[in-house]
Amino acid sequence: MTKAIYRNTCIILTVSIILMTLASFWVYCESMTSNVKRSIRDDGRVIVNLLNTYESEEARTDVLKTTLREYSYNRITLIRSDGEVIYDNFADTGEMDSHAKRPEVEEAINSGYGESTRQSETLGRNIYYYAYRLNDGSVLRISRAADDIYRLIIRIIPLMLVITAVILAVAFYTTKRTAKRIMKPLNELDIDAPEKGGIYEELMPFVKRIERENKLKEQNEKIRREFSANVSHELKTPLTSITGYAQMINNGMAKEEDILKFTGKIEKEAERLLLLINDIIELSNLDENGLATVEDVDLAEVARETTAALESTADKRGITIYLSANEAHVNGSRTMLGELAYNIIDNAIKYNKYGGSVTVFVGISNGKPELSVSDTGIGIPDEDKERIFERFYRVDKSHSKTVGGTGLGLSIVKHIAMRHNADINVKSELGFGTTISVVFNGPEE
Ligand code: ADP
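The protein chain appears in an unreviewed UniProt entry as histidine kinase from Candidatus Ornithomonoglobus intestinigallinarum. UniProt's Catalytic activity (unreviewed entry) comment on the protein chain is quoted here verbatim: "ATP + protein L-histidine = ADP + protein N-phospho-L-histidine." Recorded in UniProt for the protein chain, the comment headed Subcellular location (unreviewed entry) runs: "Membrane".

If you want it as structure tokens, here you go:
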């Protein structure tokens, strides 16, 4: 991470240094060039005015040779109207060819003033030429070489490299320091108490998330501990009864006519144990695995099969099951949805009154697949409506036991509903009946 930050900083810095240097060079050269040009032009005019006060060619050459000798940083050339060079402060006039065809000279002869810029091959620099026609027709040319931008850049490159190196070294040091400061609270973070230590503002969402996870972990741990305690307790009760009855029979303490009663009780308790163990296995499977096989399931079919399976149980209690099943498809596990329907309808039978009824509805309501089960049973007190989904929670423990409940049915239902992204609603009136509906919200986005 530090490397990545450093690399990015280096790229940004280097690019900015290059761009800034180029930009300032450009501006500098532009203003230099225009200054140089202006000063040559101004100098030219002054010299022209001075030379125009002299009549003869000799007098003019003399002035240039004497008075303007010191004026050496500009090159001054005096050219006759036929192009012959009669004076040059930088070169030997004898070796110079006719200047009549030089663009600036030609222009000056024709119009009185001419200028041109050329690259000097020998110097590799730009040379600015300004030419003025004097009143006798001869031409004064004044010129100066100026460094061009590329030469300046090449000259400045070593300095730029040194500056870049210094800046990058400073960047290296500061990124390292910053990265260290960013990482320090993270390295020293106490997962159990993340808000302690030098936490800065940007880390708060991260810290909050850890805190939430910690809380959730704690809650889950609590539920797990309670569940284990409950499981041991729930298993112990039927086993104690079984052992008790078995001992009585074994010791010969049971009367002949009681033996049948006792073995019946043993069988009932053993059945309870099996139910309980099945539910526990079911729950732990749900805890660990996701949906085994997801397929298109018609809830109407599930409801038909489940009510058929529970028909005889209902009959025994004098309860009538009414089924209104319309096609309603959901994506999910057929076995789990069967289990969900079974537990809810089974409860509606178990917590009903003799001669009562159970109405099962399946269909689409408000655009969503729904399974709802209403009974004419004992109802659930308001304060228990939320809690009935907790593991081992029973409104009336002894009633649940006599009807063969384990207290796990609805926690399995809640689990399965969650896996299918479904909501459960409970409506109940004590003494009159209960409606439990499961509404499927469709696949999670
Ligand atoms: P159980 O195995 O005891 O039936 P559940 O988890 O299925 O356990 O249900 C929890 C408790 O909720 C039950 O013990 C019962 O008190 C209450 N309950 C569930 N369904 C109904 C219902 N249809 N009518 C009244 N009470 C119900």
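Glancing now at the pattern of salt bridges. For side chains of opposite charge, pairing can occur when their charged atoms come near one another. Scanning all chains against the criterion turns up 20 salt bridges. In this structure, Asp 136 engages Arg 60 in a salt bridge whose closest nitrogen and oxygen atoms are separated by 2.7 Å. Taken together, the residues span a long stretch of sequence, with Asp 136 in the loop between β4 (125–133) and β5 (139–146) and Arg 60 in helix α2 (residues 57–65) at a distance of 76 residues. Judged by its relative accessible area of 40%, Asp 136 falls in the partly exposed class. Note on Arg 60: relative accessible area 2%, which makes it buried. For Glu 295, the salt bridge is made with Arg 334, and the minimal N-O distance between the two is 3.9 Å.

Counting buried residues along strand β12 (residues 433–440), seven of its eight residues qualify, which places the element largely inside the surrounding structure. Bridge count for strand β10 (residues 368–375) against β12 is five bridges, and the pairing is antiparallel. Along β12, the bridge assignment pairs Ser 374 with Thr 435. Taken together, the eight bridges between strand β11 (residues 422–429) and β12 define a ladder with antiparallel strand orientation.

With their axes 9 Å apart at the nearest point, helix α1 (residues 2–52) and α2 run at an angle of 135 degrees to one another. Classified by the angle their axes make, α1 and α2 are oblique. Both α1 and α2 take part in a crossing whose hand is right-handed. Note on element contacts: α2 touches α1 through Arg 60, Val 63 and Leu 64, opposite Ile 47, Leu 50, Leu 51 and Asn 52. When the residues that make up the contact of α1 with α2 are grouped by side-chain class, the tally is five nonpolar, one polar and one charged.

Next up on the list: the site of the ligand. Tyr 351, Ser 400, Thr 406, Gly 407 and Leu 410 are the nearest of the 19 residues found near the ligand. At 2.9 Å, a side-chain N or O of Asn 347 approaches an oxygen atom of the ligand. A distance of 3.3 Å separates an oxygen atom of the ligand from a polar backbone atom of Gly 409. Contact with the protein chains covers 97% of the free accessible surface of the ligand, which is 530 Å². Those elements that place two or more of their residues in the shell around the ligand are α8 (334–350) and α10 (409–419). With three residues, the top contributor of residues to the shell around the ligand is α8. Grouping the constituent residues of the shell around the ligand by class yields eight nonpolar, eight polar and three charged.

Under the UniProt annotation, the feature "transmembrane region" (unreviewed entry) is placed at residues 6–29 and 152–173. Strand forms 0% of residues 152–173 and helix 100%; the C-alpha atoms that close the span are 31 Å apart.

Another point: the packing of aromatic side chains. Each aromatic ring pair is characterised by the separation of its centres together with the angle its planes make. Using the criterion set out here, one finds four aromatic pairs in the structure. Aromatic pair Tyr 245 and Phe 262: ring centres 5.0 Å apart, planes at 40 degrees, arrangement tilted. Taken as a pair, Tyr 245 in helix α5 (residues 204–251) and Phe 262 in helix α6 (residues 256–288) lie far apart in primary sequence, 17 residues in all.

What follows deals with the packing of α5 against α6. Running from N to C, α5 and α6 point in directions that differ by 160 degrees, and their axes come no closer than 9 Å. Of the possible angle classes, the one that applies to α5 and α6 is roughly antiparallel. In the packing of α5 onto α6, the handedness of the crossing is left-handed. Residues of the contact of α5 with α6, tallied by class, amount to 19 nonpolar, two polar and four charged.

Rules and cut-offs
- Residues numbered from 1 in each chain as written.
- Predicted model: local features only at pLDDT ≥ 70, side-chain atom pairs only at ≥ 80, totals over all residues.
- Heavy atoms only, no water.
- UniProt positions renumbered as here; feature names shortened; annotations may be inferred.
- Salt bridge = Lys/Arg side-chain N within 4 Å of Asp/Glu carboxyl O.
- Helix = DSSP H or I, 4+ residues; strand = E, 2+ residues; numbered from the N terminus.
- Buried < 20%, exposed > 50% of the residue type's maximum accessible area, 1.4 Å probe, protein only.
- Pairing = 2+ DSSP bridges.
- Axes fitted to C-alpha atoms, helices over the stretch in contact; angles between N-to-C directions.
- Parallel < 35°, antiparallel > 145°, perpendicular 65-115°, else oblique.
- Left-handed = near helix turned anticlockwise from the far one by under 90°.
- Contact = heavy atoms within 4.5 Å.
- Nonpolar A, V, L, I, M, F, W, Y, C, P; charged D, E, K, R; others polar.
- Near = heavy atom within 4 Å.
- Polar contact = N/O pair within 3.5 Å; in protein donor to acceptor, adjacent residues only side chain to side chain.
- Areas by Shrake-Rupley, 256 points an atom, 1.4 Å probe, with all protein chains shown as cover.
- Phe/Tyr/Trp six-rings, centres within 6.5 Å; stacked < 30°, edge-to-face > 60°.

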